[in-house]
Protein chains: 2
Amino acid sequence: MSKSIGYLTAKLAQQIDEELMSTAGAFSLDQLMELAGLACAQTLERVYKKEKYPRVLVCCGPGNQGGDGLVAARHLGMFGYQPTIWMPKPGSKDIYKRLQAQCTNMKISTLPPSSDVSTLRDALARSDVILDAIFGFSFKPPVRPPFDEALPLLTKSGLPIVSVDIPSGWDVEKGNAEGVGLNPDVLISLTAPKEGVREFQGRHLLGGRFVTKALEEKFSLNLPEYPGSDQIVELPRDGSQKL
Amino acid sequence: MSKSIGYLTAKLAQQIDEELMSTAGAFSLDQLMELAGLACAQTLERVYKKEKYPRVLVCCGPGNQGGDGLVAARHLGMFGYQPTIWMPKPGSKDIYKRLQAQCTNMKISTLPPSSDVSTLRDALARSDVILDAIFGFSFKPPVRPPFDEALPLLTKSGLPIVSVDIPSGWDVEKGNAEGVGLNPDVLISLTAPKEGVREFQGRHLLGGRFVTKALEEKFSLNLPEYPGSDQIVELPRDGSQKL
C-alpha cells in the first residue's frame, strides 16, 4: 500500500531542525543552509529557465529562511541568472553577514535596507520571477512592516513566484485561511511539507536531501525517493500526494 | 577562438582555496567541503549506478581531501549506495569529527583506524567501486605508511576507481611520473584541474561550482559552462580539453 507523505506542524519542523543539528545529526547550520539554498535555486531553475526569466528578485526575511534565500541567490548567480536581493531587515546572525558577503563578492546587488517599499516596487518592474524566502516555518501572524505592504506588491506584480517552504503570509498549519499570503506558482518544501500546504495546487517540489532514515521513520515522513543524485524531487499534483 | 581550460600548480590551487575563504570569498570550509563532496558523490553516481555498483569503498586521507570523502560518503548513502569508509589516519580538525559523526548517524560504517592494511584488503573484497579521497593538491611525495601499502592493494583489486582532484600518489604537477600512483577510471577535479592531470585519459569531470567570475579571470581558469543547475560538468576526452 502506498503511504501519503507526512506533513509537519511548526513544532515538528522545529524539532527536526534541532535534531539535525544536535548530536543525533551533527550537522552545522552552514551545511544545512547550503543544501537547502541549493535546492531552492535548482527548483527555480527547473521551472523558470534563465533564457526567458533571467532577472530573479530574491526576497529574504530576517530569519533562517532569509539565509536560504541568500544561498539560493548565489547559486542562481552561478547558474547564469541576474539575481537581485531584497532584504529589508537583515538578520543579525554572523552567518547572514557571511552569506551576504558571498553574494556581494559575486556582484549580486542587494537593495538598500529600508522600511519604505518604493525600492521594492521599482525592483519588481525590473524582474522576471520572484523567489519568496521571506517567512519560514517559524512565522507567526500578523505580518509586520514592511512585509505587510510588500506581500500585496509582490502579488500585484503578476510575476511568477517560487516560495520556499511555506508561502509567505500563510499560517504554517492553517494555510492561507486569512487570505493575506502570497499565491505562488511553485513551492519548494524543505525536509518535508508543512501542514498548511496540504491544499497547495501549484507545482510542488521537495528538497533537503539530508534527512536520515532514522529521522524519517521517527517522524513518519514517508518521503518520496529522489531520482539519482538529484537534490530535489517533484511531488505528484493530484492533491493527495500519494507516492 | 576557443581557449583551453587552465591547469593549476599546487601553489595556485592553495591560493584559490585561501581566496575563497578570505574576505574576497567569505566562504566557510563547511560550505566549500559540502559542495565539493556533493560533486564527488554525483560524479560517482553519474558513472557507476547503484544497481550494479552498490558497495562503495570511500578511502579518506588525513587532510581536507579526506573531508571531501566523508561528505561524499554521506551523500552516496542518501543516494542509496552502501558506502564504507576507510580512514586509517583520521584528521584532528573538528570538522572531520563532525563529518564522520554525520556518517555514523546515517549508519555508514567506518573501518577501525589501523596501520595494518588487512582490514582494507578484506573490505576491497566486499566492494564494487572505490572513491579515492586519500591525497589532494597539498600532497608531497613520498607516500607514507599505511598508504604506501594501500595504493598497490587498491590497484590490484581491479575495482573501478574514481579519484578526487588528483589521483593518489601522483605528483600534483608532474603526474604519475614515478609510477607509484593509482590509475583511476574517472577523475573529478575540484575548482580547476591540476597540472599533473593534463595527460589523464579517463573520464574527467569538474566540480566546485563556487568559483566567482572575478577569481576565474584572475587565474585565467577558462572554466567550461556547467549545464543548467548541475554541480558537475564533464570535460571533453580529446586530451586537449578545448572548450
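None of these values were measured; they are calculated from a predicted model. (Residues numbered from 1 in each chain as written. Chains lettered and ligands numbered in written order. Predicted model: local features only at pLDDT ≥ 70, side-chain atom pairs only at ≥ 80, totals over all residues. Heavy atoms only, no water.)

Asks: Hey, could you run me through the confidence of the model for chain A in this one?
Replies: Should the pLDDT be low somewhere, the predicted coordinates at that spot are not to be read in detail. Summarising the model, chain A shows a mean pLDDT of 94, and 97% of its residues fall at 70 or more. Here the complex is predicted with pTM 0.96, and the ipTM for its interfaces comes to 0.95. (pLDDT = per-residue confidence, 0-100.)

Asks: What should I look at first to understand the relation of the copies chain A and chain B in this one?
Replies: Between the two chain copies there is a screw-like relation: a rotation about an axis and a shift along it. Of the transformation superimposing chain A on chain B, the axial component is 0.0 Å and the angular component is 180 degrees, with the fit at an RMSD of 0.0 Å. When the rotation and shift are considered jointly, the pair of chain copies conforms to a two-fold rotation axis. (Least-squares fit on C-alpha atoms with pLDDT ≥ 70 in both.)

Asks: Honestly, the UniProt feature "binding site: K(+)" (unreviewed entry) in chain A in this entry has me stumped. Any pointers?
Replies: All names here are of chain A. According to UniProt, the positions carrying the feature "binding site: K(+)" (unreviewed entry) are Gln65, Asp132 and Ser168. Spanning 104 residues, the named residues form one tight spatial group whose C-alpha atoms are at most 10.5 Å apart. As for its placement among the helices and strands, Asp132 is situated in strand β4 (residues 129-133). In this structure, Asp132 is in contact with Cys59, Gln65, Ile161, Val162, Ser163, Val164, Ile166, Pro167, Ser168 and Leu182, ignoring residues within four places of it in sequence. Summarising the element assignment, Ser168 is placed in the loop between β5 (161-164) and β6 (186-190). Leaving out residues up to four positions away in the same chain, Ser168 has contacts with Asp132, Ile134, Phe135, Leu151, Ser163, Gly181 and Leu182. Engagement of the side chain of Ser168 in a polar contact is seen with the backbone nitrogen of Phe135, the distance being 3.1 Å. (UniProt positions renumbered as here; feature names shortened; annotations may be inferred. Helix = DSSP H or I, 4+ residues; strand = E, 2+ residues; numbered from the N terminus. Contact = heavy atoms within 4.5 Å. Polar contact = N/O pair within 3.5 Å; in protein donor to acceptor, adjacent residues only side chain to side chain.)

Asks: Could you clarify how one ought to interpret the packing of aromatic side chains in this entry?
Replies: Think of a pair of aromatic rings as described by two things: how far the centres are apart, and how the planes are tilted against each other in angle. Residues and elements named next belong to chain A. Throughout the structure, instances matching the rule amount to 12 aromatic pairs over all chains. Between the aromatic rings of Tyr48 and Tyr53, the centroid separation amounts to 4.9 Å while the plane-to-plane angle is 75 degrees, which identifies the pairing as edge-to-face. A relative accessible area of 8% means that Tyr48 is categorised as buried. In this structure an aromatic cluster arises from ring pairing among Trp86, Phe135, Phe139 and Phe147. (Phe/Tyr/Trp six-rings, centres within 6.5 Å; stacked < 30°, edge-to-face > 60°. Buried < 20%, exposed > 50% of the residue type's maximum accessible area, 1.4 Å probe, protein only.)

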